[in-house]
Amino acid sequence: MTRRRSLDEVLGTAVVSGELPTGTVLKIQALSVEHGVSRSVIREALRILETLGMVVARQRVGITVLGREHWRLLDPQVIAWRSQADDAHTQLHELMQLRAIIEPAAAEFAARQGTEEQLAAIARAAEEMATTYRDRRPAAFAQADLDFHSAIVAAASSSVLAQLSDTVLAALRLRYSGSVPVFDDEGERAVGIHVRLADALASRDAAAAADLTRTLVDQTRGRLDETPETPEHTGDAVTATSGHDS
């Protein structure tokens, strides 16, 4: 059964796709009639979009759609909506640039500041990645990968990095959208790097942990550069969930 989309998702997707262009003035009554819901439901959906910087209420004008420069581009909801729009490939590259900045620093901090329990959680996630990859269990593998990177951010013990963790995980989920194969030679190499990274963290080798993280991110960025903007590997598409979902 197809999941029924919430109204904020319907309207947010329309904004990011350009179906509701910048400058469009939204009328609550018209939206209520169009979508067959009450005015209060429309107001709540628009309130959510306003918190995401996608619309603004202006006196004597009404609720107006804002341009991308105003959007909260690091919010997982906006990331998810943009992933269905024409600029999905551009967004993925932008998020990979962000990962290249955030994740090596998180790995370095984790090696220096993580507790033994936190580092053990990273090692378990790496072991689960290796096992599920070998068994060709895509959904379980994707979840183990998310758990691995989430555990590194947690072990970094940085409140600033923690606030960016949902963005990092949203970027990782896009990795499994089907645009890049999972089970191939490069995928196997990536699993090996994850295991080595877990070992470096367990040894508290901050420099090696940061370098291995850069290698992982660079590998994914390289693969994206080789992949057409239109996904052709839908057989590898998987879904994973996380406790960090908003």
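Counting of residues starts from 1 at the beginning of each chain's written sequence and follows it residue by residue. This being a predicted model, a pLDDT of at least 70 is required before a residue's local features are given, and a value of 80 or more before pairs of side-chain atoms are given or counted; all residues contribute to the totals for chains, interfaces and linings. Excluding hydrogens and water, the side-chain figures rest on all heavy atoms present in the structure.

### Points about the pairing of strand β3 (residues 62–65)
Relative to β3, strand β1 (residues 25–26) is paired through 2 bridges, and the arrangement is antiparallel. In the strand pairing of β3, Val25 is matched with Thr64. As defined by bridge partners, strand β2 (residues 55–58) adjoins β3 across 4 bridges and the pair is classed as antiparallel. Within β3, the residue paired with Ala57 across the bridge is Ile63. At least two bridges found by DSSP between two strands are what make those strands a pair. Each helix is a run of DSSP H or I of at least 4 residues and each strand a run of E of at least 2, with the numbering of both proceeding from the N terminus.

### Regarding the packing of helix α5 (residues 88–113) against helix α9 (residues 165–175)
Think of each axis as a best-fit line through the C-alpha atoms, taken over the contacting stretch in the case of a helix, with angles from 0 to 180 degrees between the N-to-C directions. The interhelical angle for the contact between α5 and α9, taken along N-to-C directions, is 130°, at an axis separation of 10 Å. Here α5 lies oblique to α9, going by the angle between them. Crossing hand, α5 versus α9: left-handed. Contacts from Gln91, Leu92, Leu95, Leu98, Arg99, Ile102 and Glu103 of α5 reach α9 at Thr167, Val168, Ala171, Leu172 and Leu174. Residues that form the contact of α5 with α9 fall into these classes: 8 nonpolar, 2 polar and 2 charged. With respect to orientation, any angle under 35 degrees is reported as roughly parallel, any angle over 145 as roughly antiparallel, any angle of 65 to 115 as roughly perpendicular, and every other angle as oblique. Less than a right angle of anticlockwise turn of the near helix away from the far helix marks a crossing as left-handed, whereas a clockwise turn marks it as right-handed. Any two residues whose heavy atoms approach within 4.5 Å are treated as being in contact. Under the grouping applied here, Gly and all other residues not named as nonpolar or charged are polar, the nonpolar ones being Ala, Val, Leu, Ile, Met, Phe, Trp, Tyr, Cys and Pro and the charged ones Asp, Glu, Lys and Arg.

### Considerations on the packing of helix α1 (residues 7–17) against helix α3 (residues 39–51)
Interhelical geometry of α1 versus α3 gives an angle of 55° and a closest axis separation of 9 Å. Judged by the angle between their axes, α1 and α3 are oblique. For the element pair α1 and α3, the recorded crossing hand is right-handed. On the side of α1, the interface is formed by Leu7, Asp8, Leu11 and Gly12, while α3 contributes Val41, Ile42, Ala45, Leu46, Ile48 and Leu49.

### Quick look at the pattern of salt bridges
Put simply, a salt bridge is a Lys or Arg side-chain nitrogen that is within 4 Å of an Asp or Glu carboxyl oxygen. One pass over the structure, following the stated rule, counts 12 salt bridges. Across the pair Glu108 and Arg112 runs a salt bridge whose closest N-O atoms are separated by 3.1 Å. Residue Glu108 and its partner Arg112 are both found in helix α5; the two are separated by 4 residues, about one turn of the helix. Only protein chains enter the accessibility calculation, which uses a 1.4 Å probe. A residue is then buried if its area is under 20% of the maximum for its type, exposed if over 50%, and partly exposed in between. Taking relative accessible area as the criterion, Glu108 reaches 23% and is therefore assigned partly exposed. Across the pair Asp211 and Arg214 runs a salt bridge, and its minimum N-O distance is 2.8 Å. Here Asp211 and its partner Arg214 are both found in helix α11 (residues 206–226), 3 residues apart, which amounts to about one turn of the helix. Taken together, the salt bridges that share partners define one network made up of Arg68, Arg82, Asp87 and Glu94.

### A few points about the sheet that holds β3
Here 3 strands make up an open sheet; going across it, the order is β1-β3-β2 and the pairing antiparallel. Strand pairing shows two members of the sheet lacking a second neighbour, β1 and β2, which therefore form its edges.

### As for the packing of aromatic side chains
When we look at a pair of aromatic rings, we describe it by the centre distance and by the angle of the planes. Two rings from Phe, Tyr or Trp (for Trp, the six-membered ring) form a pair when their centres sit within 6.5 Å of each other. Planes less than 30 degrees apart are called stacked, planes more than 60 degrees apart edge-to-face, and all others tilted. Tallied over the entire structure, the rule returns 3 aromatic pairs. Residues Tyr133 and Phe141 carry aromatic rings whose centres are separated by 5.4 Å and whose planes lie at 65° to one another, so their mutual orientation is edge-to-face. Feature note: the residues Tyr133, Phe141 and Phe183 constitute an aromatic cluster, connected by ring pairs.

### Structural notes on unusual backbone geometry
Even without a glycine there, the phi angle at Arg136 is positive, about 55°. Structurally, the position occupied by Arg136 is in the loop between α6 (116–134) and α7 (138–155). Positioned with a positive phi, Arg204 is a non-glycine residue whose angle comes to about 60°. Note that Arg204 resides in the loop between α10 (185–202) and α11.

### Observations regarding the environment of Trp71
One can find Trp71 in the loop between β3 and α4 (76–82). Judged by relative accessible area, which is 9%, Trp71 ranks as buried. Along the backbone, Trp71 and Leu49 are 22 residues apart, and their C-alpha atoms lie at a distance of 9.1 Å. If we skip the residues at most four places from it in the chain, Trp71 touches Val15, Val16, Leu52, Gly53, Met54, Leu66, Val78 and Arg82.

### Concerning the confidence of the model for the protein chain
When pLDDT is averaged along the protein chain, the result is 88, and 89% of the positions lie at 70 or above. Scored between 0 and 100, pLDDT is the confidence that the predictor attaches to each residue. Predicted confidence for residues 230–237 stays below pLDDT 50, and this span has 13 contacts to residues more than four positions away or in other chains. In the predicted structure, residues 239–246 sits below a pLDDT of 50 and forms 18 contacts with residues beyond four places in sequence or in another chain.

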